[in-house]
Amino acid sequence: DVCSSDLVDVVVGKTLEHYATPLEHGVRLEPKEQFHALELVRQYDRVIYCMGNSSFHGHVYELLRQRPGAVVAHDVRFTGFYGWFAGLEAPSDPAARLAERIRALYGTRIPATELARGAPDWQRQDAMGIFMSGEIQSYAEQILVHSRYAKEVLEFDRSALAREVPVDVVPFGFPEALAEHPIAEIQTSPLIVSVGVVSE
């Protein structure tokens, strides 16, 4: 028998036919529209959001704004996500909407002349240290990242008025025993590498 603590609901952004059925025991896929009803019925022990810097995380952002929880941030720069979201909020002028968000997050730290014609391009955002993580941090109960650098970026980007959200680094997941031996020595089957979305 499986007790309730062994169950994991994975909330997805599209309808279920877009996804393969999980092979792991106790893992269920649920559509985002069912999240609030399921939370009432199933009384989740913990809600964990996986947030990144792309349109794939739109449903994560929407749910996080309604129900705070822990956030696994596999990106700590959210300018790409907010650029995409600005297109939903203000289709006629997404650059102006993004500039409004930057102004709200950074105030006078970003010169008004930089935002006069809309949001700066990603190179200028990078040069000015615009990460746009403040809102995500404000909804998080805890943030998990994958490096000390990512933790420092979040701490740097935190508003002076923001509450102190704990930011923890998830330990390196590769087994130490395997790390001591060259891959060629332990490899008995084809090696497959997945690098995710590759872009400029």
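Our structure is the block above this text.
Summary of the structure given here. (Residues numbered from 1 in each chain as written. Predicted model: local features only at pLDDT ≥ 70, side-chain atom pairs only at ≥ 80, totals over all residues. Heavy atoms only, no water.)

Observations regarding the overall build of the chain
Logical step 1: Of the regular secondary structure elements, the chain holds 10 helices and six strands.
Logical step 2: Burial status across the chain gives 32% buried among its 200 residues.
Logical step 3: A sequence separation of at least 24 residues applies to 48% of the contacts in the chain between residues at least 6 apart. (Helix = DSSP H or I, 4+ residues; strand = E, 2+ residues; numbered from the N terminus. Buried < 20%, exposed > 50% of the residue type's maximum accessible area, 1.4 Å probe, protein only. Contact = heavy atoms within 4.5 Å.)

Observations concerning the environment of E30
Logical step 1: With respect to the element layout, E30 can be found in strand β2 (residues 27-31).
Logical step 2: Expressed as a C-alpha distance, the spacing of E30 and G13, which sit 17 residues apart in the sequence, is 9.0 Å.
Logical step 3: Apart from the residues lying within four places of it in its own chain, the contact partners of E30 are D9, V10, V11, V12, L16, L38 and R42.
Logical step 4: Here the side chain of E30 touches R42 through a polar contact of 3.1 Å, side chain to side chain. (Polar contact = N/O pair within 3.5 Å; in protein donor to acceptor, adjacent residues only side chain to side chain.)

With respect to helix α1 (residues 35-42)
Logical step 1: Among the residues making up α1, those that are buried are F35, L38 and E39. For α1, the arc enclosing every buried residue in end-on projection is 105 degrees, short of the 170-degree limit, so these residues lie on one face. Along α1, exposed side chains directed more than 90 degrees from the buried face belong to L40 and V41.
Logical step 2: Residues of α1 that are buried make contact with β1 (8-12), β2, β3 (48-51) and α2 (58-66). (Arc of directions from axis to C-beta.)

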